[in-house]
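Coordinates in review
The lines below spell out each chain.
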Amino acid sequence: MSELHKFLFDGLPVRGMIVRLTDAWQEILARRASNTSTGAYPPPVAELLGEMTAAATLMQSNIKFNGALILQIFGDGPVKVAVAEAKPDLSLRATAKVIGDLPADARLPDMVNVSNKGRCAITLDPKDKLPGATPYQGVVPLFDDEGEKLGKLSDVLQHYMLQSEQLDTTLVLAADDKVAAGLLIQRLPVKGEGNLEGTSDKDRDQANEDQIGLNEDYNRISILASSLTRDELLTLDIETILRRLFWEEKLLRFEPQAGPQGPHFACTCGRERVAQMIRGLGVEEAEEILAERGDIEVGCDFCGKQYRFDAVDAAQIFRPPTDQIPGSSIVQ
């Protein structure tokens, strides 16, 4: 099963978490592969999307937020957009739009940042938004402070965390066709306790920024975390990874999240939602599609499920509510 483990380093201003997505990630890939319109993701795209899904899980679990965290990468390469979404219950989904061919060894710049115009956006979409409220979104480029292209998703997200939260963060990400996994280590933020009690948010932000790169405990643990290789992250179980990396540190472990309470695939698509979309096309356009193809077929980009509506189904969609055919109580 997919699982998420959180931990603290006893007596140190450092926290961590590690995620290993197995069944959840394999279902995302299997559903995409079963979609006759798109087929399976090319291996480099699957690797990027797996890393994004693992990262979105870690970032969602790292904040107290009742809503969806949406991680997007977009730019001017063959991968026009890649999206991973994680909700508070750790339900996950992901998708990517690919136009053109990719070499088997394509890296992040080759896929989305050919002309150094790629961007990474992180959106926090509250579950219970007030009328007129808009989600929070932070956007960062796919290059460093010197304008050099960043070669890995983990570099992009570490840069984002420094800019948005002024917190030192170490990320190790990896994915293949069986596992998507990630390790996050982060310096704990100043919370206004002790000599900073009663200070303003601005002062606390400045205090966090002043600590960037200076905490020796975080720096030591970051070096240990960064020694984790891609193969180790993909093949070793979580207990073995934590023991190998931090055997000299005292970890305070939280109850692992797995099974129904752990990371799992889920999609919010449904036949009624698709029907609403067709209704939005209008009668004339729907009839043109039916005349040309015989039915209207819509596939969910996230889960790969395909919905088909024939002429009778379409007529029912556009029938006035008072004329709707009553549903049958017989299970078919």
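Everything that follows concerns the structure shown earlier in this document.
Summary of the structure given here. Please read these numbers as outputs of a predicted model, since none were measured by experiment.

Summing up its helical and strand segments, the chain has 11 helices and 14 strands in all. Counting the 332 residues in the chain, one finds 44% classified as buried. Taking the intrachain contacts of the chain between residues at least 6 apart in sequence as the baseline, contacts between residues at least 24 apart amount to 63%. Of the roughly 17,500 Å² that the chain leaves accessible, carbon and sulfur atoms contribute 50%.

As a further point, take the nonpolar core. Judged by nonpolar contacts, the single largest core of 51 residues is most densely connected at Met52, Cys120 and Leu157. For this core, the element with the most residues is helix H2 (residues 43–61), which contributes 10 residues. Sequence-distant contacts of Cys120, that is, excluding residues within four places in its chain, are made with Leu71, Gln72, Ile73, Gly138, Val139, Val140, Leu142, Val156 and Leu157. The next biggest cluster of nonpolar side chains, apart from the first, holds 23 residues, and it includes Ile221, Leu233, Ile238 and Ile241.

With that out of the way, let us pick up the environment of Arg15. Following the sequence through the fold, Arg15 ends up in strand S2 (residues 14–21). The class of Arg15 is buried, set by a relative accessible area of 18%. Ignoring anything within four residues of it in the chain, the contact list for Arg15 reads Phe7, Leu8, Phe9, Asn62, Leu167, Leu184, Ile185, Gln186, Leu188 and Pro189. A polar side-chain atom of Arg15 sits 3.4 Å from a polar atom in the side chain of Asn62.

Attention shifts here to helix H8 (residues 238–246). Considered for burial, the residues of H8 that qualify are Ile238, Thr240, Ile241, Leu242, Leu245 and Phe246. In the core, the buried residues of H8 are packed alongside strand S1 (3–9), S2, strand S9 (180–187), helix H6 (216–226), helix H7 (230–235) and strand S10 (251–253).

Once that is clear, we can look at the packing of helix H1 (residues 23–34) against H2. Angle between the axes and distance between the axes are the two parameters that describe a pair of packed helices. In contact at an axis separation of 11 Å, H1 and H2 are set at 140 degrees when each is read in the N-to-C sense. Here H1 lies oblique to H2, going by the angle between them. As H1 runs across H2, the sense of the crossing is right-handed. Between H1 and H2, the residues in contact are Trp25, Ile28 and Leu29 and Ala46, Leu49, Gly50 and Thr53, respectively. In the contact of H1 with H2, the residues fall into 5 nonpolar, 2 polar and no charged.

With that settled, the discussion passes to unusual backbone geometry. Backbone geometry at Leu90 places phi at a positive 65 degrees, although glycine is not the residue there. Along the polypeptide, Leu90 turns up in the loop between strand S4 (79–86) and strand S5 (91–98). Even without glycine at this site, Asn116 takes up a positive phi of about 60 degrees. Mapped onto the secondary structure, Asn116 falls in the loop between helix H3 (108–112) and strand S6 (119–126).

For the rest of this paragraph, the subject is H6. Owing to its 3.6 residues per turn, the α-helix aligns residues three or four sequence positions apart on the same side. Of the positions making up H6, those classed as buried are Tyr218, Ile221, Ser222 and Ala225. Taken around the axis of H6, the buried residues stretch over an arc of 110 degrees, which confines them to a single face. For H6, the exposed residues lying more than 90 degrees away from the buried face are Glu216 and Ile223. Among the residues of H6, the N-terminal cap falls to Asn215, whose side-chain oxygen and the backbone nitrogen of Asp217 are separated by 3.1 Å.

A full pass over the atoms with the stated rule returns 10 salt bridges. One salt bridge in this structure joins Glu47 and Arg230, with 3.7 Å as the shortest N-O distance. Taken together, the residues span a long stretch of sequence, with Glu47 in helix H2 and Arg230 in helix H7 at a distance of 183 residues. By relative accessible area, Glu47 is classed as partly exposed at 30%.

Here we come to the pairing of S2. Burial runs high along S2: 8 of the 8 residues are buried. The hairpin turn running from S1 into S2, its antiparallel successor, is 4 residues long, and Gly11 in that turn takes a positive phi close to 80 degrees. Bridge count between S2 and S9: 8 bridges; the pairing is antiparallel. Residue pairing across strands places Val19 opposite Gly182, the latter belonging to S9.

Taken as a whole and judged by the stated rule, the model has 3 aromatic pairs. Each ring, one from Phe7 and one from Phe9, has its centre 5.7 Å from the other, and the planes form 75 degrees; the classification is edge-to-face. Note on Phe7 and Phe246: the rings are 6.2 Å apart at their centroids and 45 degrees apart in plane angle, and the pair reads as tilted. Of this pair, Phe7 sits in strand S1 while Phe246 sits in helix H8, placing them 239 residues apart in sequence. Accessibility classification places Phe7 together with Phe246 in one group, the buried group. Three or more aromatic residues joined by ring pairs make a cluster, and in this case those are Phe7, Phe9 and Phe246.

Conventions we followed
Residues numbered from 1 in each chain as written. Predicted model: local features only at pLDDT ≥ 70, side-chain atom pairs only at ≥ 80, totals over all residues. Heavy atoms only, no water. Helix = DSSP H or I, 4+ residues; strand = E, 2+ residues; numbered from the N terminus. Buried < 20%, exposed > 50% of the residue type's maximum accessible area, 1.4 Å probe, protein only. Contact = heavy atoms within 4.5 Å. Areas by Shrake-Rupley, 256 points an atom, 1.4 Å probe, with all protein chains shown as cover. Core = buried A, V, L, I, M, F, W, Y, C linked by side-chain atoms within 4.5 Å. Polar contact = N/O pair within 3.5 Å; in protein donor to acceptor, adjacent residues only side chain to side chain. Axes fitted to C-alpha atoms, helices over the stretch in contact; angles between N-to-C directions. Parallel < 35°, antiparallel > 145°, perpendicular 65-115°, else oblique. Left-handed = near helix turned anticlockwise from the far one by under 90°. Nonpolar A, V, L, I, M, F, W, Y, C, P; charged D, E, K, R; others polar. Arc of directions from axis to C-beta. Salt bridge = Lys/Arg side-chain N within 4 Å of Asp/Glu carboxyl O. Pairing = 2+ DSSP bridges. Phe/Tyr/Trp six-rings, centres within 6.5 Å; stacked < 30°, edge-to-face > 60°.

Nothing here speaks to function; it is geometry throughout.
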